[in-house]
Amino acid sequence: AQSVSQHNHHVILSEAASLELGCNYSYGGTVNLFWYVQYPGQHLQLLLKYFSGDPLVKGIKGFEAEFIKSKFSFNLRKPSVQWSDTAEYFCAVMGGSQGNLIFGKGTKLSVKP
Amino acid sequence: DAMVIQNPRYQVTQFGKPVTLSCSQTLNHNVMYWYQQKSSQAPKLLFHYYDKDFNNEADTPDNFQSRRPNTSFCFLDIRSPGLGDAAMYLCATSSRPRSTDTQYFGPGTRLTVL
């Protein structure tokens, strides 16, 4: 069965610090990978997604993620966070091209001004 | 410009008292999903509708049902809520099911069971 692990439950950073949120998945076949973000009081929205091609994917608001197949990882990065990045971040995987979206438990990011 | 709307945002019900949660969308998407998210856990898919076809996940309890009277609306019915059903319920839509199409989420309904 597919599963997604996000190892950090809560990350606290100061503004301008660099961010990396870990995401590991378990699935042996072709995967499609997603990062969703949920700002306080708002709905889940897509940050970026990977299907194929360049393993370094760029998303909205300066976020990027790198798919490393050998490590079953899809870590989210941002070189310099802002207070407005305070949110909960969810990694999700879809096995193959016709599966369900399987979410991780999420990582709360708090950015101190 | 709200795209996926869920009402109410907060719902309180009593143990065993049926409750209905509502979702509507302005995206004209063919697929509507219901997820359950318990505190500090991952959103978990309960079922989805592809047009009028209902697709239940194997481990979704029978206590949970859904209706989709038209393209825009989808309802989640909990027939006899238990304390363990307290959660955030998320509605989402996409163009195609089980595909890489982006899923668009509503703000969720937080259900409390007394």
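Details of the structure are given in the entry above.
The structure reproduced in this document is the subject of the present report. (Residues numbered from 1 in each chain as written. Chains lettered and ligands numbered in written order. Predicted model: local features only at pLDDT ≥ 70, side-chain atom pairs only at ≥ 80, totals over all residues. Heavy atoms only, no water.)

In this section: the overall build of chain A. Counting its regular elements, chain A contains zero helices and 12 strands. Secondary structure of chain A in N-to-C order comes out as β-β-β-β-β-β-β-β-β-β-β-β. For 113 residues, the compact-globule estimate of 2.2 N^0.38 gives 13 Å, and the C-alpha radius of gyration of chain A, at 13 Å, lies within 12% of that figure. Counting all 113 residues of chain A, 47% fall into the buried class. Sequence-distant contacts, at least 24 apart, represent 56% of the contacts inside chain A between residues at least 6 apart. When the 10 basic and 7 acidic side-chain charges of chain A are each reduced to a single mean position, those positions are 5 Å apart. (Helix = DSSP H or I, 4+ residues; strand = E, 2+ residues; numbered from the N terminus. Rg over C-alpha atoms; globule rule 2.2 N^0.38 Å. Buried < 20%, exposed > 50% of the residue type's maximum accessible area, 1.4 Å probe, protein only. Contact = heavy atoms within 4.5 Å. Lys, Arg positive; Asp, Glu negative; His and termini not counted. Charge placed at Lys NZ, Arg CZ, Asp CG, Glu CD.)

Bringing the state of the cysteines into the picture now. Within the structure shown, the criterion is met by two disulfides over all chains. Between the sulfur atoms of Cys23(A) and its disulfide mate Cys91(A) the distance is 1.9 Å. In this structure the cystine formed by Cys23(A) and Cys91(A) twists about its S-S bond by roughly -65 degrees; its chirality is therefore left-handed. Placement of the pair is Cys23(A) in the loop between strand 3 (19–21) and strand 4 (24–26) and Cys91(A) in strand 10 (residues 87–95), with a sequence separation of 68 residues. Here Cys23(A) and Cys91(A) have matching classes, each one buried. The disulfide partner of Cys23(B) is Cys91(B), and the S-S distance across this bridge is 1.9 Å. Disulfide Cys23(B)-Cys91(B): the torsion about the S-S bond is -75 degrees, which places it as left-handed. Placement of the pair is Cys23(B) in strand 3 (residues 19–25) and Cys91(B) in strand 9 (residues 87–94), with a sequence separation of 68 residues. Free of any disulfide, Cys74(B) has its nearest cysteine sulfur in Cys91(B), 6.1 Å distant. (Disulfide = S-S within 2.5 Å.)

A few words on the nonpolar core. Counting residues in each nonpolar core, the largest one holds 28 residues, and the members touching the most others are Leu33(A), Trp35(A), Leu47(A), Leu48(A), Phe74(A), Leu76(A) and Tyr89(A). Those elements giving two or more residues to this core turn out to be strand 2 (10–14), strand 3, strand 5 (31–38), strand 6 (44–50), strand 8 (64–68), strand 9 (73–78), strand 10 and strand 12 (107–112) of chain A. In contact with Phe74(A), other than residues within four places in its own chain, are Cys23(A), Leu33(A), Phe34(A), Trp35(A), Leu48(A), Tyr50(A), Val57(A), Ala65(A), Glu66(A) and Phe67(A). Core analysis: the next-biggest nonpolar cluster, separate from the first, contains 18 residues, Tyr49(B), Phe64(B), Leu76(B) and Tyr89(B) among them. (Core = buried A, V, L, I, M, F, W, Y, C linked by side-chain atoms within 4.5 Å.)

Attention now moves to the interface of chain A and chain B. If you look at the interface, chain A gives 20 residues, while chain B gives 19 residues. Carbon and sulfur atoms make up 55% of the surface buried where chain A meets chain B, a total of about 1600 Å² over both sides. In terms of surface lost to chain B, no three residues of chain A exceed Leu44(A), Asn100(A) and Phe103(A), which account for 29% of the buried area on that side. Put simply, chain A and chain B have zero salt bridges between them. Linking chain A to chain B there are three residue pairs in polar contact (both at pLDDT 80 or more). Mapped onto the side of chain A that touches chain B, the elements with two or more residues apiece are strand 5, strand 6 and strand 10 of chain A. A breakdown of the residues in the side of chain A that touches chain B according to their chemical character gives nine nonpolar, nine polar and two charged. (Buried area = accessible area lost by both parts, 1.4 Å probe. Salt bridge = Lys/Arg side-chain N within 4 Å of Asp/Glu carboxyl O. Polar contact = N/O pair within 3.5 Å; in protein donor to acceptor, adjacent residues only side chain to side chain. Nonpolar A, V, L, I, M, F, W, Y, C, P; charged D, E, K, R; others polar.)

Don't take any of this as a statement about function, it's just geometry.
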